[in-house]
Amino acid sequence: MKFNVLTLFPDMVMDSLNHSIIGKAMEKGIIQVNSINFRDFSDSKHNSVDDYPYGGGAGMVIQAQPVLDAYEDLVKKEGTSRLIYLTPQGKTFNQAMAEEFAQADQLTFLCGHYEGVDERIIDSIVTDEVSIGDFVLTGGEMAVVLIIDAVARLIPGVLKNNSSSEHESFHDYLLEYPQYSRPEVFKGMRVPKVLLSGHHKNIEIWRREQSLLRTHKKRPDLLPHANLTESDKQFLKKYCNYDVNML
């Protein structure tokens, strides 16, 4: 899968991704990240990419010309793809969106700066406006890194164990169960006995119940969206006093 990033700070994107699991996936060619500085496409004598907003106001606005020319050059080389603009006004990114994005062969991201981008950029080439939360950053680069990481780990071969992403937080709208490793006892705290039993069915049941308990305690808003069995519902009713009629 290929990720293209239109940005004023390509090193910020690449330096963040060239490590750990994502960095190794790039080395192996499982994913590709193409970071493009749209300042290189400015037709200004001084390579400027921003100007004062029409109508007045504080700050500067990224001009349409360098971004549109950079995108058109990319299309000539790589073909068209979804263009995702990172903005606080966008739809909030979540695991379901990551799974949807992971189905694509190629995605292109646009990192805004200053007071945003000329609206004509959004009108002409942007297909998706995405936010990572209700707060404002100085630029879109860190948000892009976050999204690429979340999407890339869903690509087959990126994780050593491809089943890892099937048993983690937000899969099926449930939080992941607790995890433990050696030693068996640490400062008086013991690993739950069921995990030491070797009884795989009991371990599976325990993990499912722990996921239900955690989700109810920490993110009850997720439960109405989860794919729950009748046993799950009865467990929530009995141990969490949860009103299953809400499901």
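Not measured: the values here are computed from a predicted model.

A.B. asks: What is the right way to look at the packing of helix α7 (residues 200–218) against helix α8 (residues 230–239) in this model?
C.D. replies: One way to put it is that α7 packs onto α8 with a least axis distance of 10 Å and a crossing angle of 55°. Regarding the angle of α7 to α8, the classification is oblique. The two elements α7 and α8 meet at a crossing, and its hand is right-handed. Residue-level inspection shows R208, E209, L212, L213 and H216 of α7 in contact with α8, the latter providing D232, F235 and L236. Split into classes, the residues belonging to the contact of α7 with α8 amount to four nonpolar, one polar and three charged.

A.B. asks: Help me understand a nonpolar patch on the surface in this model?
C.D. replies: Together, F9, M12, F135, L137 and M142 make up an exposed nonpolar region whose accessible area comes to about 450 Å². Mapping F135 onto the fold places it in the loop between β7 (128–131) and α6 (141–152). Look at F135 and you get partly exposed, because its relative accessible area is 42%.

A.B. asks: Looking at this model, I keep getting lost on the environment of M1. Mind explaining?
C.D. replies: Note on placement: M1 falls in the segment before β1 (2–7). Sequence separation of M1 and D105 is 104 residues, and the distance between their C-alpha atoms is 5.0 Å.

A.B. asks: What is the right way to read the nonpolar core from this model?
C.D. replies: Note that soluble globular proteins tend to have their nonpolar side chains buried in a common cluster. By size, the foremost hydrophobic cluster in this structure holds 33 residues, and its most contacted members are F3, I31, F93, F101, F109 and V151. Of all the secondary-structure elements, those providing two or more residues to this core are β1, α1 (10–17), α2 (20–27), β5 (82–92), α4 (95–101), β6 (106–111) and α6. When residues in this core are grouped by element, the largest group, eight residues, is from α6. Leaving out residues up to four positions away in the same chain, F3 has contacts with I31, Q32, V33, N34, L107, F109, I148, V151 and A152.

A.B. asks: What is the right way to look at the side chain of D50 in this model?
C.D. replies: For D50, the position within the fold is in strand β3 (residues 50–51). The charged side chain of D50 is buried without a salt bridge, its nearest counter-charge being R39 at 5.5 Å. The contacts of D50, once residues within four sequence positions are left out, are M60, V61, I62, Q63 and Y114.

Cut-offs and rules
- Residues numbered from 1 in each chain as written.
- Predicted model: local features only at pLDDT ≥ 70, side-chain atom pairs only at ≥ 80, totals over all residues.
- Heavy atoms only, no water.
- Axes fitted to C-alpha atoms, helices over the stretch in contact; angles between N-to-C directions.
- Helix = DSSP H or I, 4+ residues; strand = E, 2+ residues; numbered from the N terminus.
- Parallel < 35°, antiparallel > 145°, perpendicular 65-115°, else oblique.
- Left-handed = near helix turned anticlockwise from the far one by under 90°.
- Contact = heavy atoms within 4.5 Å.
- Nonpolar A, V, L, I, M, F, W, Y, C, P; charged D, E, K, R; others polar.
- Patch = residues over 30% accessible without salt bridge, like charges linked within 9 Å, V, L, I, M, F, W, Y side chains within 5 Å.
- Areas by Shrake-Rupley, 256 points an atom, 1.4 Å probe, with all protein chains shown as cover.
- Salt bridge = Lys/Arg side-chain N within 4 Å of Asp/Glu carboxyl O.
- Buried < 20%, exposed > 50% of the residue type's maximum accessible area, 1.4 Å probe, protein only.
- Core = buried A, V, L, I, M, F, W, Y, C linked by side-chain atoms within 4.5 Å.
- Lys, Arg positive; Asp, Glu negative; His and termini not counted.

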